[in-house]
Amino acid sequence: MVWGAIATWRMAHDGVVKALDLLERKQHSGDAVEELIKTVEDYPYYKSVGYGGLPNAEGILEMDAAFMDGDSFKIGAVAGITDVSNPISVARKLSDDKFNSFRVGEGATRYAMTEGFHRKNMLTERAHKIWEKRLKEIHENNLNPYNGHDTVGAITLDQMGSMTAGTSSSGLFMKKPGRVGDSPLSGSGFYVDSQIGGATATGLGEDLMKGCLSYEIVRLMGEGLSPQAACDKAVYEFHDKLTARYGKAGAFSLIAMNKAGEWGVATNVEFTFSVGNDKEAPQIFIANMGENHTTKIESITQEWLDAYEKRIKAPIE
Ligand code: ASP
């Protein structure tokens, strides 16, 4: 039997390892995705997801998350949720509801509380310090505030042939209150059909939404393209379209896995991801845009990993 998991960014690796362990033991793809994403949400040094995530312009940590079941197409999502330790679990629970399955803001937080999800102040001292520092820098140097964002997006395939997609993000650092990215939006941030495959996105949500790239990649896989060919076609053609209209495209990266456990990625920035399946042990790769609508994918080096570890834990001056 085949199984597999793929997820965005180096931060997802420990979660991918856990998900693959569950999948090897014949657990459901939904449990695997939830476990994978919770692992990222719980780690305080990842500053773009869950606990330790960076806040909006007013210093409030608003989070977006979604869960989609590829057998039933059930979707649950939250946007701008606050003070809840695992937005992905709230999204998963909402996916069982026929109505009201996408909640925003206070309604989302209240739902989570009523359903007994763990209430937690998700803003760490470190994230607050980074926010204060950035506020100062923006005022002093007139900087673009919106860098420092990454979403954990994941797709899992289990031995029963079911697939699940999930996302979780604190969105853009310094976003305006109420701003929602692509991550909780079906078709933009994620999409999965167990009979074809799934895809998820990370990058500038405002641009990702313009292309509905996750849905497009699944659609292309449904037409017979491999996950890599589908990612290359969807991502680079859309990158070119945005560049033609705006002179440039926001940074974005997409990952995909099909029902055979084969995977692909495409990106217009330096992009790391983690992937494994029944044949390949979990591994972190680094991807870059190649020539002629292709993607260059290489194994990550120890040097890169060491520098990353140092960077995420560096003291905030
Ligand atoms: N897509 C996320 C957003 O726009 C951020 C990211 O993945 O970098 O909210």
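Predicted model, so just to flag it, every value in this text is computed and none were measured.

Draft legend 1. Looking closely at the nonpolar core. With 80 residues, the main nonpolar core has Ile6, Leu36, Ile217 and Phe273 as its most contacted residues. No other element matches the 7 residues that helix α8 (residues 227–246) contributes to this core. In this structure, Leu54, Ile138, Phe173 and Met174 belong to the second largest nonpolar core, which totals 7 residues.

Draft legend 2. Region of the structure containing the layout of surface pockets. Counted as a void, the largest pocket has a volume near 710 Å³. Along the walls of the largest pocket sit 28 residues, with Lys47, Gly148, Asp150, Arg311 and Ile312 positioned nearest its centre. Sorting the residues of the lining of the largest pocket by element identifies α5 (125–141), β11 (271–277) and α9 (302–313) as the ones contributing at least two each. The greatest single-element share of the lining of the largest pocket, amounting to 5 residues, is contributed by α5.

Draft legend 3. Structural view of the packing of helix α7 (residues 213–222) against α8. With their axes 9 Å apart at the nearest point, α7 and α8 run at an angle of 140° to one another. The angle between α7 and α8 falls in the class oblique. Note on packing geometry: the crossing formed by α7 with α8 is right-handed. Counting all contacts with α7, which are made through Leu213, Glu216, Ile217, Leu220 and Met221, the residues of α8 involved are Pro227, Ala230, Cys231, Lys233, Ala234, Val235 and Phe238. A per-class count over the contact of α7 with α8 returns 10 nonpolar, no polar and 2 charged.

Rules and cut-offs
- Residues numbered from 1 in each chain as written.
- Predicted model: local features only at pLDDT ≥ 70, side-chain atom pairs only at ≥ 80, totals over all residues.
- Heavy atoms only, no water.
- Core = buried A, V, L, I, M, F, W, Y, C linked by side-chain atoms within 4.5 Å.
- Buried < 20%, exposed > 50% of the residue type's maximum accessible area, 1.4 Å probe, protein only.
- Helix = DSSP H or I, 4+ residues; strand = E, 2+ residues; numbered from the N terminus.
- 1 Å grid on protein atoms, 1.4 Å probe; cavity = no way out; pocket = protein on both sides within 12 Å on 5 of 7 lines; lining within 4 Å.
- Points joined across faces, edges and corners; volume = space filled by probe spheres on them.
- Axes fitted to C-alpha atoms, helices over the stretch in contact; angles between N-to-C directions.
- Parallel < 35°, antiparallel > 145°, perpendicular 65-115°, else oblique.
- Left-handed = near helix turned anticlockwise from the far one by under 90°.
- Contact = heavy atoms within 4.5 Å.
- Nonpolar A, V, L, I, M, F, W, Y, C, P; charged D, E, K, R; others polar.

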